Structures are given as structure tokens and as C-alpha cells.
Amino acid sequence: MKNSFDAIVVGAGQAGPSLAVRLAGAGWKVAFVERHLFGGTCVNSGCTPTKTLVASAHAAHLARRASDFGVHAGPISVDMKTVKARKDAIVMKSRSGVEGWVRGTRNCTVYNGQAAFESPHTMRVGEDILEARHIFLNVGARPLVPKMLGIDSVPFLTSTSILDLEELPRHLVVVGGGYVGLEFAQMFRRFGSQVTVIDKNPRLAVHEDEDASQVIREIFASEDIAVRLNATCIHLEKREGAISVGLECDEGAPHINGSHVLLAIGRTPNTHDLNLPAAGIEADAAGYIKVDDQLRTCALGIYALGDCNGRGAFTHTSYNDYEIVADNLLKGESRRLSDRIPVHALYIDPPLAHVGMSETEVRRSGKPALIGKRAMTRVSRAIEKGETFGFIKVLVDRESQHIIGATIFGTGGDEAIHAVLSAMYAHQRASFMTHSMYIHPTVAELIPTVFGELKPLE
Ligand SMILES: Cc1cc2nc3c(=O)[nH]c(=O)nc-3n(C[C@H](O)[C@H](O)[C@H](O)COP(=O)(O)OP(=O)(O)OC[C@H]3O[C@@H](n4cnc5c(N)ncnc54)[C@H](O)[C@@H]3O)c2cc1C
């Protein structure tokens, strides 16, 4: 059956639902298609479950450290079934909230199923053919499963399936020392597993500055998390009744035998089954849909938002894509991707938050710059809380004095970074920060101090 709409929105991720509700509110007749769970990755297998588990892991960590604070606690044990039940309840509440919101929206018809293009303006969902002048793709991404030697010979976990574990792995081997792998590594160590992280790169979190990687190593060493770097030729096999991850590292044994293996080596966009050629939509070699600065694909009236366009890999970037598209279409604005300032956090504990250019990028660019840095061991709030890993680092353009980047790695860093982010959106100079008065005692109060101690970046 052919059904005509003003817009088809595919995917209930971080952009789709808000866009559908806003278009419907503006009087558009909207078809909304979701093939699996409302809320997409963030709600069901990304931010929400992992940060809920990180909170449980933090509670266990703090309980073990209780005596550092003069508190006497009994023996600590973690009940994984209860930990999972808490996570599931929070996820379910969020998922059903999104679903109820979209289903309850006037002018919006929900289709449950897989959407694929039939032609530039028609999509098939099961028996239904949907037609619209505007189509918005928010189809997201999924864990990348590599063509690794031995991949079919042993069971492995992904960032999605690990969330269903109700038992504690005896020894979790995490392949991949990026954001996802590091969060799970620390979390499961704190739950009580032995954990080894393997990475092919010479350092963890290779996209961050070297000093950040160094602090991550220090944190992991303090929690007895093993790390094996420079692992070439990573492969899987069954050995001595265990799941074995083979590696050829610079040093150490050539195999790690674990009870469970988590593959956390990246994500791949859900674009292979959309039949993009039928709509004349171009994707790059990795499958990411090519978009211009306003999220338009090369096919008229078709937009790609969120992880599937490769222009961001976070909830806030996907949501910001929605805001750009909606404001441009409904308010006649001309918002652009290039206007946004990159910002992200890595949710190990303590968290690492970063905005703008990194020190590595500034050095590579050859831009004359100033740098300020202070260790968390010199931040009162961190000392009082007994959480002194990390640092505050800021970067300023030497000529214009404009703020160009900052990293706050340490307790409260994920919140404090927004002071710098707002100043950057307001195109402020370092003096704007040094003339601001902040609340004592906070981590953020040291940001003006660090901006007041700038030195040339040599
Ligand atoms: C373990 C983990 C932790 C993370 N933690 C964070 C974090 O702390 N902070 C952060 O900002 N980001 C985090 N992320 C990333 C974040 O989850 C994503 O960037 C975010 O969810 C944006 O996704 P999206 O809107 O592009 O689409 P998604 O949320 O992936 O949703 C896409 C939806 O489209 C549906 N779909 C796909 N194809 C079709 C089709 N053909 N027809 C119908 N429906 C379809 C899917 O079922 C899915 O529901 C994390 C990710 C992971 C994996």
C-alpha cells in the first residue's frame, strides 16, 4: 500500500524522534520508522546503560576505598544480577519515554520495521510503501566485528552483548583501548573481574594527547588492570579450555587466556541495508553517508543525521544535527556543522573531557600558541575528595589570545569543561576567563588560574 507523507524519519536514535515531533508540531505529516528499540544506541546499548554501570562500579570502588576516608565498611561484594536489574530499569524507563512521546504525537504515524529505498522519494517498510519529499536518515551505527583470524572459533562479546551478562567474567580480555573498551575495562575490574586491555597502538586512547594516555595508564595501574600495547596480529583461538587472544607484542607472553573477550575496536554505520543506490545517495568507503555542511545528502530532500554521516559519534553531535536541520527547515536559519565546536568526554573514572583543539593538533598545525597546565594534585577540591588523578590544560592562540582548546581530566571534568566551551562559543579571549570569579571549592575555579599561567607552547 502506498502512503504519502511530507516527511519520512528513519531511526529512533538521538535525532529522529525530536525531529519527527518538531516537524509534526509544525503541521507536517510525518512517517516515523524504527526497526528495533526506541531510543537507539544511546538509550539501549550506549550512554545510558554504560553510565549506569559506571555508577555501580564507582560505588564498589569507593566502598573498597572507604578506609581512606576513615570509614569502616565490611567485605565488599558485587551482585551482578542487581547491578544489571538497576541498569535495565533505567534503560526501560528512558526507552518507553521516547516511544510514548513519538507514538503520542499528532500528525506522526509510526511504522515498526526495516526501511529501505525503492526510489529517491519512496521507501519500503514490510508491505508498506512510504512516499515523501523529505527523508531524514538517523540510522546510527553498530559494533564493528572485524574479519579477525579465529573470529568464528570462539564466542566473543560486543559493547551491546556484554550488557546482558549476569555473571562476572573471571578474566575479561578487552580488545581495543579506545573510549568504549576503556570504560568497560575499568568497570569490570571494579566489579571484580581480572581485566587485560589489548591494543595495537603504542598507547591507550590514541586520539587523546600523550599526557592523557599516560594518566590513563597510571589510573589503570593503580587498579591492577593489565595493558598490552603494540599488539600486532591480534587473533582469537581456544587454548587450554579458555578463550585465548593471540598478540605479538614487544614484550610479554604471546597469548592472553581469558574467560570472556570483548571486541571494542570501533563501529560501523547501519547503511548497508538501506539500498542507498536506489535513491542516488553516496556513501564513503566505510559506509558513512556523505553530507554537506547542512546535513544534506547529494539526493534532493534527503538528509543524514547522527552517527551514520560520520561527522560525529556522540549523542550530543546527533542531537545537534537535529537542531541544525530543524532550525534551517522550519525557522529559515542557516546553521552549519562547521559552526559547532568539537567536545567529548571519556567516561572512565575520573572522566576526561576535551573541547576544541588538542595540544597534538595545535603542534601539528604550527599555530603559535600558549599553554597552561595544572595537575589535579594542585586542585583543592580534588585533594579533598581524594581523587587527584589528572590535570587541567588550556590552549590559547598566541596572536589573537582566543581560547582554542582545553582538556579537563579529573574529578568533575565532564561538567567543568562547559565553562570553557561556553567561552569558546562566545569567541572569548583568555582574559575573559581570568576576569571571571568562580565558586570555591570547585574543580572549575582553577580554570581561570590556569588561564592566568600561560606559557608559550614550545
Ligand atoms: C558503549 C557505548 C557508550 C557510549 N557512550 C556515549 C556517551 O557517554 N556519550 C555520548 O555522547 N555518546 C556515547 N555513545 C555514542 C552514542 O550512543 C551515539 O553516538 C548516539 O546514540 C547517536 O546515535 P544516532 O542518533 O546516530 O543513532 P542510534 O542511536 O544508533 O539509532 C539509530 C536507530 O535507527 C534504527 N535503524 C537503523 N537502520 C534502520 C532501518 N533501515 N530502518 C528502520 N530503523 C533503522 C536502529 O534500530 C536504531 O534504533 C556511546 C556508544 C556506545 C556503543
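The structure reproduced in this document is the subject of the present report. (Residues numbered from 1 in each chain as written. Predicted model: local features only at pLDDT ≥ 70, side-chain atom pairs only at ≥ 80, totals over all residues. Heavy atoms only, no water.)

1. A few points about the packing of aromatic side chains
For the structure on display, the rule yields six aromatic pairs. With a centroid separation of 5.6 Å and an interplanar angle of 90 degrees, the aromatic rings of Phe 188 and Phe 191 are classed as edge-to-face. Of the two residues, Phe 188 and Phe 191 both sit in helix H5 (residues 179-191), three residues apart, roughly one turn of that helix. When the ring centre of Phe 5 is taken as origin, the NZ or CZ atom of Lys 29, which lies over that ring, is 4.9 Å away. It is Lys 373 that lies over the ring of Phe 391; its NZ or CZ is 4.4 Å from the centre. (Phe/Tyr/Trp six-rings, centres within 6.5 Å; stacked < 30°, edge-to-face > 60°. Helix = DSSP H or I, 4+ residues; strand = E, 2+ residues; numbered from the N terminus. Lys NZ or Arg CZ within 6 Å of the ring centre and 35° of its normal.)

2. Examining the pairing of strand S21 (residues 403-409)
Extensive coverage of S21 is indicated by the burial of seven of its seven residues. In the sheet, strand S18 (residues 352-356) pairs with S21 via five bridges, with the strands oriented antiparallel. The residue bridging His 354 from the neighbouring strand is Thr 407, located in S21. Of the strand pairs in this sheet, strand S20 (residues 391-397) and S21 are connected by six bridges, and their pairing is antiparallel. Note that in S21 the partner of Phe 391 across the bridge is Phe 409. What sits between the antiparallel neighbours S20 and S21 is a turn of five residues, in which Gln 401 has the positive phi angle 70 degrees. (Buried < 20%, exposed > 50% of the residue type's maximum accessible area, 1.4 Å probe, protein only. Pairing = 2+ DSSP bridges.)

3. Considerations on unusual backbone geometry
Asp 349 connects to Pro 350 through a cis peptide bond whose omega is 0 degrees. Relative to the helices and strands, Pro 350 resides in the loop between strand S17 (343-346) and S18. A positive phi angle, close to 45 degrees, is found at Ala 205, a residue other than glycine. Positionally, Ala 205 belongs in the loop between strand S9 (194-198) and helix H6 (210-222). When its relative accessible area of 7% is taken as the criterion, Ala 205 is described as buried. For Asn 230, which is not a glycine, the phi torsion comes out positive at approximately 50 degrees. Relative to the helices and strands, Asn 230 resides in the loop between strand S10 (226-228) and strand S11 (232-239). Relative accessible area serves as the criterion here: at 26%, Asn 230 is assigned to the partly exposed category.

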